[in-house]
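# Inside the fold
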Amino acid sequence: MAYHPNGQGAPIGRLNSIHRPAPMAHEQIVSNRLGLHDQTQARAVTAQRSQKTIGLTLAIFGALLLTPDTLFMRLSQLDGFNMLLWRGGLSGLAYFMIWLWMRGPRDLSNIWTRNFAIIVACQTGNAALFSLAIAVAPVTVVLIGVATVPIFAAVMSRVILGEALSMRTLITATMVFLGLFVSVMGSDDGQIKLDLITLIGAGLGLGVAFSLAMNFTIIRKDPEVPFVLAIAIGAITAAGLAALFATTLAWPPLPQMAAIALTGIFILPLSFVTLSYAARFVPSSTVSLIMLLETILGPLWVWWGIDEAPSAAMLIGGGIVLTCLAVFLIFEDHHAA
């Protein structure tokens, strides 16, 4: 044991323990507060990352569930207004049942709000404009218009929610739009005439994109709004408009009825409810980007189901879109981890 150099007194170790000052009370309080602050901040970061992971998972699931919708639309063999009537009516009833099961009448406190009315209008517009566009204009032009939904969503997130525009999201949206442009241009051998019908189709497609983007943005803005009920009312309203303007109302045979019932009762409601819930956890622009998987994977379902092969340009454009989305999701997941 070592002693003081002058040979007197207690051992050095004992002197060190004797002369080390105890922390003052206020220093201990400050240390405890800093520790609590660090723990609180860490929990907040973990919760934010967990919410982002949940949102991405819901969005991917919803988008993939939506992909066979195009196939069942084709199998139903219905025209535009009758398609809207059956899809809107059946999906509206399914939305209503989902709302009753999830929250029901106790969720009526926020229906007399502007946000609720906006979601109803957006759902009505989305359903009606898309069916009308497909009925009167080339599908190619309509899909190009719909492909702008992530751009609308990014701008609305900035204007309405004050969320910063992610450069990664904007770059991905641009590349996805170019891929979809290549894909849909190849479906008609690139022959598009710039006439009034084409302009109307493009305008209706942009209207669909605007409605979808606004819908996701408002759902993200107002967590208290009963959006499932709003979507149900919007879908039923669109079906009512179809019944009003349709020249003839068709009652499809059993095989066609089964096809439209499957997409109206199961595919549409579950996919859109899931996508809408995803918008509460991640930006609406991200949900809109992931939703475009349906535009690319839908034709592959049609190829498998009714042997309608896509063109080479559609496959190339689809490859561009899927690659961009895969890279985007990898980076988003890495950022959330």
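This text gives an overview of the structure that appears in the document.

Procedures and definitions
- Residues numbered from 1 in each chain as written.
- Predicted model: local features only at pLDDT ≥ 70, side-chain atom pairs only at ≥ 80, totals over all residues.
- Heavy atoms only, no water.
- Salt bridge = Lys/Arg side-chain N within 4 Å of Asp/Glu carboxyl O.
- Helix = DSSP H or I, 4+ residues; strand = E, 2+ residues; numbered from the N terminus.
- Buried < 20%, exposed > 50% of the residue type's maximum accessible area, 1.4 Å probe, protein only.
- Axes fitted to C-alpha atoms, helices over the stretch in contact; angles between N-to-C directions.
- Parallel < 35°, antiparallel > 145°, perpendicular 65-115°, else oblique.
- Left-handed = near helix turned anticlockwise from the far one by under 90°.
- Contact = heavy atoms within 4.5 Å.
- Nonpolar A, V, L, I, M, F, W, Y, C, P; charged D, E, K, R; others polar.

## Brief notes about the pattern of salt bridges
In total, this model carries two salt bridges according to the counting rule given. For Asp69, the salt bridge goes to Arg87, with nearest N and O atoms at 2.8 Å. On the criterion of sequence distance, the pair formed by Asp69 in helix 3 (residues 69-76) and Arg87 in helix 4 (residues 80-102) is long-range, its members being 18 residues apart. Each member of the pair, Asp69 as well as Arg87, carries the same accessibility label: buried. A salt bridge links Glu163 to Arg220, with the nearest nitrogen and oxygen atoms 2.6 Å apart. Note that Glu163 is positioned in the loop between helix 7 (149-161) and helix 8 (167-187) and Arg220 in helix 9 (residues 196-221), a separation of 57 residues in sequence. For Glu163, a relative accessible area of 19% corresponds to the buried category.

## Quick look at the packing of helix 7 against helix 9
The description of two helices packed together rests on the angle between their axes and the distance between the axes. In the contact formed by helix 7 and helix 9, the axes pass within 8 Å of each other and the chain directions differ by 40 degrees. Relative to helix 9, the element helix 7 is oriented oblique. The handedness of the crossing between helix 7 and helix 9 comes out as right-handed. Between helix 7 and helix 9, the contacting residues are Val149, Phe152, Ala153, Met156, Ser157, Ile160 and Leu161 on the first element and Leu206, Ala209, Phe210, Leu212, Ala213, Met214, Thr217, Arg220 and Lys221 on the second. By residue class, the composition of the contact of helix 7 with helix 9 is twelve nonpolar, two polar and two charged.

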